[in-house]
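Single-letter residue listing:
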Amino acid sequence: MRRGYVRHLHSLGSLPLTSAIKFMQRSELEHIIRASGEIAADDQIIIIGSQAILGQFPDAPVRLLSSMGADVYPKNHPEKANEVDGAIGEGSSFHELHGYYAQGVGTKTAVLPADWESRLVAVKNENTNGVTGYCLEVHDLAISKMIAMRPKDLEFVQELVRHDMINKKTMLYRLKQTDLEDSVRRVAGARIKSFFKS
């Protein structure tokens, strides 16, 4: 898979890699969207991880963009996420060439509030070559991070709060709209309230 993909890297276009770039840029996410769409033969790609922030905030603070991988899956062919991961995932020729990569994930990877799909932020331009990337809305993204509760996820949410990119009322409402065990909901709710304390 990876060797075959290398032969047509140039058909997907390339972006220069410089050692100075240590965070993902919007144009790089667009490149991942384009490449993922071609590999999966799907013109709609869902982005659910940290880099989804680039949909709503193309110039997001650098500390939110430290991950060089974008969690994605083809909307209409989610079963092809493994193909995307194999072709342009971590350690692939694509990753080595460009310095960023796609991580193919499952549709249930992120725990999200009800109706999250209606709030997706579309990314489509010349750089995506007809493929539309759908990025999580910032509060939905933040809820998924609060549920994951890994240190890096909580730091991500704290950074969103620091830059006034999310608000407490919406976060608490979205938490109520998320299918969770009561114990998890209580812990997440307490953390959200603590993050917004002045």
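Our subject is the structure listed above.
Reading the values: the criteria
Residues numbered from 1 in each chain as written. Predicted model: local features only at pLDDT ≥ 70, side-chain atom pairs only at ≥ 80, totals over all residues. Heavy atoms only, no water. Helix = DSSP H or I, 4+ residues; strand = E, 2+ residues; numbered from the N terminus. Buried < 20%, exposed > 50% of the residue type's maximum accessible area, 1.4 Å probe, protein only. Pairing = 2+ DSSP bridges. Axes fitted to C-alpha atoms, helices over the stretch in contact; angles between N-to-C directions. Contact = heavy atoms within 4.5 Å. Salt bridge = Lys/Arg side-chain N within 4 Å of Asp/Glu carboxyl O. Phe/Tyr/Trp six-rings, centres within 6.5 Å; stacked < 30°, edge-to-face > 60°. Lys NZ or Arg CZ within 6 Å of the ring centre and 35° of its normal.

A few words now on the environment of Asp 85. Within the secondary structure, Asp 85 is located in helix H5 (residues 81-88). Asp 85 gets classed as partly exposed once you look at its relative accessible area, which sits at 26%. In this structure the C-alpha to C-alpha distance between Asp 85 and Val 72, which are 13 residues apart in sequence, comes to 8.9 Å.

The strand order across the open sheet built from five strands is S3-S2-S1-S5-S4, with neighbouring strands paired in mixed fashion. With partners counted over all chains shown, the strands left at the sheet margins are strand S3 (101-104) and strand S4 (121-123), one partner each. With direction set aside, neighbouring strand axes in the sheet form an average angle of 35 degrees. Set on the sheet, H5 makes contact with strand S2 (69-74) and S3; between it and S3 the angle comes to about 150 degrees.

The next point concerns the pattern of salt bridges. Where charged atoms of side chains with opposite charge meet at close range, the side chains can pair. Counted according to the given criterion, the structure contains eight salt bridges. Across the pair Asp 140 and Arg 174 runs a salt bridge, and its minimum N-O distance is 3.0 Å. One end of the pair, Asp 140, is in helix H7 (residues 138-148); the other, Arg 174, is in helix H9 (residues 168-176), with 34 residues separating them in the sequence. The exposure class assigned to Asp 140 is buried, which follows from its relative accessible area of 0%.

We now examine the pairing of S2. Of all six residues that make up S2, five are buried, and the element is covered over most of its length. As judged from the three bridges shared by strand S1 (residues 44-47) and S2, these two strands associate in the antiparallel manner. Each bridged residue has a counterpart across the sheet, and for Ile 45 the counterpart in S2 is Pro 74.

What follows is about the packing of aromatic side chains. Throughout the structure, instances matching the rule amount to one aromatic pair. For the ring pair Phe 94 and Tyr 100, a centre distance of 5.8 Å and an interplane angle of 80 degrees mean the geometry is edge-to-face. Neither Phe 94 nor Tyr 100 differs from the other in exposure class; each is buried. Lys 145 extends its terminal NZ or CZ atom over the ring of Phe 156, reaching a point 5.0 Å from the ring centre.

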